[in-house]
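# Understanding the architecture of this molecule
Here are the chains, one letter per residue:
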Amino acid sequence: MNLFKEILPGVREILSSATTSDVHALLSCMLEKDVISKEYHQTLLQEKDREDLARKISLTLVEKWDLCLNTLVPLRCLKLYSKMPQDITDNESSLNRGIAASKRQTMDSAVLTDNSFLDLLHSNIDPLHLFSVLDTRLSDEDEESELSTDPENDTINYDQFSNLDVFYTMESNESVEESLFSNTGEAYSRIDLAVSCFCLTGKLILDEMANETTEGFTEMKMQKCQKRSFMSTAESYSDASKPKCRRTVESPGSTVNGSFVAVPLNSSPANSTSLSHLHMQFSVTITLLLLIPVSSGNSNPNCLLVGAKGIQVISGFAVLPQQIINLPVGNGASNIIIYPGELCSSVSLTCAFVFLEPVEAFCTSLKDYFQDVCKFMAMDREVTLDHLYIDGALMQGQTETKSGKNVIKVVEKELVIYNLEEKEKAAIERSQIFQVLGGKELETKVIVVLGKAGMGKSILVQKICQDWSNGKFSQFEFVFWFECRRLSLPEKQYSLKDLLLELFVKPREGSDEVFEYILQHPDKVLLIFDGFEELQDHDGFTHYSDCQSYKEQYSIRELFAGLFQKKILSGCTLLLTARPKGKFNQYLSKVDKIIEMIGFSPQQVESYIARYFEGLPYSDDAVKLITDCQYLFSHCYSPVMCRFICFLCEMMFEMGDKDLPSTLTSLFVKYLQQKLIPTQTDATAIGNQQHITRLAQLAWYLGEKNQNALKSSLFPSKEVKEFALRYGLVLPFTFPKHSGNREEEFGSAFSDFVLQNFLSALHLVLAKEIKDKSLTKYLSLPARKKKPHNWLDLVPRFLPGLLYLQQDPYLCSLSDEHVMKIRIKKQKTLLKYIKKIQLNDLYPEKLLELLHCVYETQDSYLLQHVALRLQAELSFLGTLLTPPDVYVLHFILKRSPKEFSLDLRNSGINLQGLKHLVGLKNVTSFRASLSDTVRLWESLEQTKEYELLKISVEKFDIDPFKAETMKDISDLSDLVQIQEKMIHCMEDAFGCNINEIPAIKNLRKLEFALGPACGLQGFLKLVEILAAFPSLQHLDLDALSENEIGDKGTKSLCEVLSELTSLETLNLSQNKITDLGAEQLATALPSLSSLKTLSLYNNYICDAGAENIARILPVMASLRVLHVQCNKITDAGAQKLTDSLRKCPHIKSVAMWNPTIPYGVLEHLQQLDSRISLL
């Protein structure tokens, strides 16, 4: 049962009987202790609904429970609960009897009999050593006496104690009938004393335990109690002549009834003058030990603590007059309820102390593990994650389904590409990742983080784990982070328990108890699977049905399927990271939340670079060097590439080299040189060259299988493995150790996905077995289907770059004379291949890939060849344009003498990229998102780039425009509204007189397709700006889903029709227009002197409407085509239209078929006038 459900009923009952002043006092206490903010305090004060107030307070207590425990806000809150009627408080005897009766009811079903506890207490089993007592009077004299550890002198052991079902509750000081406890009085007296020590332990042993570690607490459970010193005055508490039961001071207020013991905590040893000096050490694990601070002046605290973990409320009590703490003593249902009575008024206790049981200890060890492994970045020099981490852009992702030529064949879901404004609205913080709206409360929540390779998904996971270890994401008690590459390689089977407690951090003890707790609280578990693509055989997860038991053993694939299908550990949170357009796309419809990582913004890149070089002597020079190299800077939008470029720049400055390469290929060639050459000798040079060649072959071999890791034993040779590890080209890791294995298995993974791609391309260049004719298939540029080597996305870029670096000394050192000849043949083959490609046949994605390939060659002929053959109208509609894409497109367009028109809608292009492309002289027109364009203009105005502003305004085009959402209408309205501002701006800057923005002036076709939900609302807003488009020729309101503007929309349209003087086509089909709307149209349509086509297809027009339309046909001299079919026109209306046609020789065609026209009538009318169509 979750904490909120435990707290809410108590808070609700408190508030139901509390006065307004009581509520205000509670809220003031919460404010004082920083549980709530000042703003939220004011909000709660104004809350009139007690039920809503109870829920809000309960939620606050849940979210800040640790703080609430320390500040005792729950005590203050629930203190109100125990206010009792005067007649009850005045008669404590009746209260005691009521409580005793409640106890009897509660324990009717108890398993143990009346004498069970006495039997346990008198058993000979290994004893539980409870305490040693130290009195202040002799503490300075250091007098010692030993507590016997003889089994004969102790009463019960841990196992017995953990099964006691004993409840301690504070009663009044009045004596009760001795018959209730005469047979077990002495036994319960000693438990009474133990309970007194329980209450004091948290405060009293802090000094003693301050330096003990968590391991010390864990080991405490297994140790015998060591001999402890105590005062001679305490010897009266133990009597050697009674070996079965230690004698304690009789508790006059104790009552025993069945399984209940009512003990006032003021029954502590009479000889002890200072309770604050009691000490004890337990060999029993306590879930939670709380000390409740109570003011010394309050002898009757009247408060109740509920809801904390390990603390429960006894439901059998009719009235809970004072403070009750329920402590589970061990496994099972055993509890001790401690009720501090007069003790609270005599001793001021100020602290809480927690004894860690296996669950708590395991949680702590998880946090310690993450604090250790997540502290530093994976870099050659020591840099903390906190120092270098920058949150890249996170967006709430949405999917759309695209269908192919055959409507029945639906393509898998793809991510929606956002424009700038939509990105801002969809942006989320890291703290919001696990907020999932909707869904069933007890069902597994599946969250996927999608991002291209290098977007920083693993770094984000590392940061999440670090945040959790530091107290954030407190809704989770357990976080398990699995790297999929570590799970994929071993061919073993695991149970769910193995997966959680064997393959990750292992509990030191009590694994069964930890696992049982996890099964009972799945909502407190976060499972992270990082790198979904690296799971082997991950197809068909949603159809795999075998994994339904947490006890059986399965393969990793089967276990993951069970978790993903929410069949095992249902209720947990599952966080996955994967690449978009990869294998996971087929499962996007099954997840509860999609988060998209789109990398760094230009500002974030600059911030990252500045942090990276912070404190280094060449910091400013390094930042300037990277930002000035625009191509490499464009790649820095990828966090991994940004770190790599910074690392290479750092190496170059250390070596005295200050020239960055201009291509990715030369960048990685230089990286290898900087890595190997400084430590390389003549004796090792040849060996290193051979190692690089074999490592490149391994990179290609793994890449073809969509892998980047392998077992260490599978390296081509021990020397290659040692070489790769020595220079950081691969990183070692350990595979999960199965419980049956004694030896650990080791593996290695390429340190960077880009490095694996580069080495794979190097293998294709150097390998003799790969012939020049088969080389081009790895580019797969003309192919319309998906690339077969999706894992090696960057190979098609590195391959041409390496083939054209013929004179590079380092590459030459890797090739003998025979290989050099093969490289030359491969280069010639590549040139022929590119020259044969028909650029017009390439999809936008393939065209961009070709541009990257050609750019990497830096070959003037190839660059010019491609630039000349680009078609004039380049559309990237719906194709994601990353900063490197924009750079190479700009680079090649700039070399062409041709003029281009660019369609950049739904491309996700950033503002800087839009500015660069629009500024090209040979780009004569462009289309982009309306909101992005308006934002571009506003940005240029603010930076006073008036020349570029003027150019972008003149080049912008929106014809034809299709409005499909309310946002489209809103953006079009904003464009119209900003027109006057842009005109004034250009007049002030250039003194030119511009009356209209060309895009608005030249709009000729406008389609409206909002559908029935927003059709009327959107159209009414559109009508307000229709007059701003003087060249509008085609207004189409026909949509497959029907806009349904009705007569109201028609009326609004008629009011502005006279201003649409250029309108030639008006399509009002499928809009539920009736005779009233037809009448309004008949009044307005004659003003359209250029109208050629009028369509009123599939409306609700009857004979009266047909008559009104027939009446105006003769005066509409420009009209050529009329559609009135599929309305409700009968033969009478059809006759009116036919009669009118005789006066309209200018009309070419009338579509008049209506289901309401009697059979044969329309055929007869067609015989009279052949312009009447039967369709």
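As recorded in an unreviewed UniProt entry, the protein chain goes by NACHT domain-containing protein and comes from Chelydra serpentina.

### A closer look at the sheet that holds strand 21 (residues 923–927)
Spatial ordering of the open sheet is given by 19-20-21, a layout of 3 strands whose pairing is parallel. Edge positions in the sheet fall to strand 19 (873–875) and strand 21, since each of these pairs with one other strand and no more. When strand polarity is set aside, the average angle formed by the axes of neighbouring strands in this sheet is 15°. Relative to strand 20 (residues 900–903), strand 19 runs parallel, the two sharing 3 bridges. Looking at strand 20, one finds that glutamate 873 is bridged to serine 901.

### Things to note about unusual backbone geometry
Proline 960 follows aspartate 959 through a cis peptide bond whose omega is -5°. In the Ramachandran plot, lysine 566 falls in the positive-phi region, its phi being about 65° despite a non-glycine side chain. Tracing the backbone through its elements, the reader meets lysine 566 in the loop between helix 22 (556–564) and strand 14 (573–578). Unusually for a residue other than glycine, asparagine 706 sits at a positive phi of about 55°. Asparagine 706 sits in the partly exposed class, given a relative accessible area of 24%.

### Concerning the pairing of strand 23 (residues 1005–1008)
Every second residue of strand 23 is oriented toward a common face, the buried set being Leu1006 and Phe1008 and the non-buried set Lys1005 and Glu1007. Sheet analysis places strand 23 next to strand 24 (residues 1034–1036), joined by 3 bridges and oriented parallel. From the neighbouring strand, lysine 1005 faces strand 24, where its bridge partner is histidine 1034. Considered for its hand, the β-α-β crossover made up of strand 23, helix 43 (residues 1011–1026) and strand 24 is right-handed.

### Quick notes on the nonpolar core
The tendency in soluble globular proteins is for nonpolar side chains to be buried side by side. Of all hydrophobic cores here, the largest spans 272 residues; its most connected members are Leu500, Leu527, Phe529, Phe584 and Leu1057. No other element matches the 11 residues that helix 26 (residues 639–655) contributes to this core. Filtering out sequence-adjacent residues up to four positions away, leucine 527 remains in contact with Phe480, Phe482, Leu500, Leu563, Leu569, Cys572, Thr573, Leu574 and Leu575. In terms of nonpolar packing, the next biggest core, distinct from the first, is built from 17 residues, Leu8, Ala18, Met30 and Ala54 among them.

### A word on the sheet that holds strand 15 (residues 593–597)
Across the sheet, which stays open at both edges, the 6 strands sit in the order 8-15-11-14-13-12 with mixed pairing between neighbours. Edge strands, defined here as strands with exactly one partner in the open sheet, are strand 8 (394–396) and strand 12 (478–483). Neighbour-to-neighbour, the strand axes of the sheet open up by a mean angle of 20°, direction not taken into account. Strand direction decides the pairing type here: strand 12 and strand 13 (residues 525–530), joined by 6 bridges, are parallel. Paired with phenylalanine 480 across the bridge in strand 13 is leucine 527. Taken strand by strand, helix 18 (residues 457–469) contacts strand 8, strand 11 (445–450), strand 12, strand 13, strand 14 and strand 15, and its axis lies near 155° from that of strand 12. Against the sheet, helix 22 makes contact with strand 11, strand 13 and strand 14, and its axis sits at roughly 120° relative to strand 14, the strand it touches most.

### Considerations on the environment of proline 883
With respect to the element layout, proline 883 can be found in helix 37 (residues 883–893). The class for proline 883 is partly exposed, based on a relative accessible area of 25%. Taking the C-alpha atoms as reference points, proline 883 and glycine 913, separated by 30 residues in sequence, lie 6.8 Å from one another. Residues in contact with proline 883, not counting those within four places in the same chain, are Ser634, Tyr637 and Asn910.

### What about the packing of aromatic side chains?
Evaluation of the coordinates by the stated rule reveals 35 aromatic pairs. Consider the rings of phenylalanine 532 and phenylalanine 560, whose centres lie 5.9 Å apart with planes at 45°: the pair is tilted. Taken as a pair, phenylalanine 532 in the loop between strand 13 and helix 22 and phenylalanine 560 in helix 22 lie far apart in primary sequence, 28 residues in all. When its relative accessible area of 2% is taken as the criterion, phenylalanine 532 is described as buried. Assessed through its relative accessible area of 2%, phenylalanine 560 is described here as buried. Ring centres 6.0 Å apart and planes at 15° place the aromatic pair phenylalanine 560 and phenylalanine 564 in the stacked group. Placement of the pair is phenylalanine 560 and phenylalanine 564 together in helix 22, with a separation of 4 residues, close to one helical turn.

### A look at the pattern of salt bridges
Tallying each qualifying case throughout the model produces 23 salt bridges. In this structure, aspartate 467 engages lysine 463 in a salt bridge whose closest nitrogen and oxygen atoms are separated by 3.8 Å. Residue aspartate 467 and its partner lysine 463 are located together in helix 18, separated by 4 residues, close to a single helical turn. Taken individually, aspartate 467 and lysine 463 each receive the classification buried, so the pair is uniform in this respect. Measuring nitrogen to oxygen at the nearest pair gives 3.8 Å for the salt bridge that ties glutamate 477 to lysine 524. Residue glutamate 477 is located in the loop between helix 18 and strand 12, and its partner lysine 524 is located in the loop between helix 21 (511–520) and strand 13; the two are separated by 47 residues in the primary sequence.

Parameters at a glance
- Residues numbered from 1 in each chain as written.
- Predicted model: local features only at pLDDT ≥ 70, side-chain atom pairs only at ≥ 80, totals over all residues.
- Heavy atoms only, no water.
- Pairing = 2+ DSSP bridges.
- Helix = DSSP H or I, 4+ residues; strand = E, 2+ residues; numbered from the N terminus.
- Axes fitted to C-alpha atoms, helices over the stretch in contact; angles between N-to-C directions.
- Buried < 20%, exposed > 50% of the residue type's maximum accessible area, 1.4 Å probe, protein only.
- Right-handed = clockwise from strand over helix to strand, strands pointing away.
- Core = buried A, V, L, I, M, F, W, Y, C linked by side-chain atoms within 4.5 Å.
- Contact = heavy atoms within 4.5 Å.
- Phe/Tyr/Trp six-rings, centres within 6.5 Å; stacked < 30°, edge-to-face > 60°.
- Salt bridge = Lys/Arg side-chain N within 4 Å of Asp/Glu carboxyl O.

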